[in-house]
There are 2 protein chains.
Amino acid sequence: MDIREQYIQEIIRNRESGASELARRCLEIVTDIIWKIQADGVGDMKREIEEFVHALQAARPSMSPIRNLLQTWLKNLQSLPTFTLQEFRLEAMRTAENLIDHSRRAVTDAATNAKDLIKPDSRIMTYSFSSTILALFKQLKKSGIRIVIPESRPLCEGTRLAETTAKMGIETTVITESQIGLSMANIDFVVVGADTVLKNGDVVNKAGTSLLALAARSAGVPFYVAFEQFKQSQENEKNLVLENMAASELGLSEQENLHVLNYYFDVTPAANITAWITEEGVRLNK
Amino acid sequence: MDIREQYIQEIIRNRESGASELARRCLEIVTDIIWKIQADGVGDMKREIEEFVHALQAARPSMSPIRNLLQTWLKNLQSLPTFTLQEFRLEAMRTAENLIDHSRRAVTDAATNAKDLIKPDSRIMTYSFSSTILALFKQLKKSGIRIVIPESRPLCEGTRLAETTAKMGIETTVITESQIGLSMANIDFVVVGADTVLKNGDVVNKAGTSLLALAARSAGVPFYVAFEQFKQSQENEKNLVLENMAASELGLSEQENLHVLNYYFDVTPAANITAWITEEGVRLNK
């Protein structure tokens, strides 16, 4: 298999990483690819890169950060003051590395801003595995917080996060998704990451996030979303593609009259969100 | 192990049957036990039976039908015109068999009343495994309905129901609990069974039912509960005992800082219910 196809398959198959992590991984991939593409000069190289970048974006259409980070990188490439192919490769690599650093700092800064909202000894519910939320829990681990995490079927990223926070010394409780409603009575607030935030403030995140928001609203519990600005999309839901994954992940095979849906993402309406938290600050829902 | 203890363990361990089925099973068990208890006359026999019945009720404290059917049976025993132990045993057995028949008819009649609310070709979401809902689907199977069923972790009673309805020829789709919110957009109505209906109309059912009700309400989808009158409790939530089952059912072992909750039931507030349907008719929420 061509190295390009190998990388695209890696991104398609990676169900474990959140959108931020995957977007940074895509930038790492392009820093490798630019050294492996054979090209007749910078112009030819740029065309090859663009084609590969579009294929990477198409690999995970629900994930804005991949599109946003890669588009930003492509845009930066256009204005690079380079003359030789070798110089172009070096500068393109540095540009990608800078974006990776910027993204990592944004995650930490968004977590710091979220931390300022949280009182010591809070009981927090989160969902799926978000690197921003993990960064937040790292900052909060000595403040006496207790966290409740649904397992997040079918691949149980929630259980993975719970095992991580328990090892960090935080009292952590795993529940099934079905217990989200009954567990909300003992929660002070919910904080989740995002895969994409739409122009209107709706949040695309792991399927089930919308249920946490409904349950939180019903119980009068604040619902926060923490994310880096790169996840902000300029589009609304009408252009949204939600990914439907393999039925086999549910341990079921389809047969006559028996179908399986395995959508990975759902949309939480802005109306059910208390605040959006990024590296730039906290925006409350009016 | 004593035969009484064996039966109690059977009821504790049976996670597959709904409350109606289990309550009828308890009556079958007592019709056997009355022939195996050694007693000095009818008075002694009644005391032994009462003790055993209390142990059976305590085995599954969340399930009102067990308590209600067994209490009705005990009450009927008090008024039996019997003289000998042998006569008492025969009458007690017939009384239990009548109650079992009554319960089976009630399930069918409640399903028939629910059927009258449902238009052909409806897209229906249900939850967990309810014998009343299965009876409803049997009546509707030629009306072009399509059904959507969450798997119902941890023991996946929903998947079991889906396999049953697919074999009956009904187009059936299994989803994870996490897809309840996003799937509700394509649903005409939700209908679920109940383990217990509280005095105030709140419904105790498989954990996660309250999330279906929230999602249905948010999407403007009617939410029906179909059950036999024996499930009607005369108590409100303050006396409710919800069962917390083994952590291992989630495939996890508890360790330092890592806990697991495995509550089987939650409470759906009456405010989120469109109608209660029993063998006696349909009561709309005002």
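Please read these numbers as outputs of a predicted model, since none were measured by experiment. (Residues numbered from 1 in each chain as written. Chains lettered and ligands numbered in written order. Predicted model: local features only at pLDDT ≥ 70, side-chain atom pairs only at ≥ 80, totals over all residues.)

1. Some remarks on the pairing of strand 4 (residues 189-192) of chain B
Where a strand is regular, its side chains alternate between the two sheet faces.
Residues and elements named next belong to chain B.
So, step 1. Both strand 1 (residues 123-125) and strand 4 contribute to a ladder of two bridges, which runs parallel. Looking at strand 4, one finds that Met125 is bridged to Val190.
So, step 2. Of the strand pairs in this sheet, strand 4 and strand 7 (residues 223-226) are connected by three bridges, and their pairing is parallel. Bridging from a neighbouring strand, Val190 pairs with Phe223 of strand 7. (Pairing = 2+ DSSP bridges. Helix = DSSP H or I, 4+ residues; strand = E, 2+ residues; numbered from the N terminus.)

2. Side note on the interface of chain A and chain B
So, step 1. Listed as interface residues are 41 residues of chain A and, on the opposing side, 41 residues of chain B.
So, step 2. Looking at the side of chain A that touches chain B residue by residue, the classes come out as 18 nonpolar, 16 polar and seven charged.
So, step 3. With three bridges connecting them, strand 8 (residues 258-260) of chain A and strand 3 (residues 171-175) of chain B associate as parallel partners. Within strand 3 of chain B, the residue paired with Leu258 of chain A across the bridge is Thr172 of chain B. (Contact = placed C-beta atoms within 7 Å. Nonpolar A, V, L, I, M, F, W, Y, C, P; charged D, E, K, R; others polar.)

3. Some thoughts on the pairing of strand 9 (residues 265-268) of chain A
Residues and elements named next belong to chain A.
So, step 1. The two faces of strand 9 match: Phe265 and Val267 on one face and Asp266 and Thr268 on the other face are all buried.
So, step 2. Both strand 6 (residues 203-206) and strand 9 contribute to a ladder of four bridges, which runs antiparallel. Bridge pairing links Val204 to Val267 in strand 9. (Buried ≥ 20, exposed ≤ 12 C-beta atoms within 10 Å, placed from the backbone.)

4. Details of the relation of the copies chain A and chain B
What relates the two chain copies is a rotation about an axis together with a slide along it.
So, step 1. Overlay of chain A on chain B (RMSD 0.1 Å): rotation 180 degrees, translation along the axis 0.0 Å. Such values leave the two copies arranged in the relation of a two-fold axis.
So, step 2. In this assembly, 100% of the residues forming the interface of chain A have copies in chain B that are likewise at the interface, indicating an isologous arrangement. (Least-squares fit on C-alpha atoms with pLDDT ≥ 70 in both.)

5. Quick notes on helix 1 (residues 3-13) of chain B
Residue and element names in this part refer to chain B.
So, step 1. If you check which residues of helix 1 are buried, you get Tyr7, Ile8 and Ile11. One side of helix 1 carries all its buried residues, which in axial view fall inside an arc of 100 degrees. Of the exposed residues in helix 1, those oriented more than 90 degrees away from the buried face are Glu5, Gln6, Gln9 and Arg13.
So, step 2. On its buried face, helix 1 is in contact with helix 2 (19-36) and helix 3 (41-59). (Arc of directions from axis to C-beta.)

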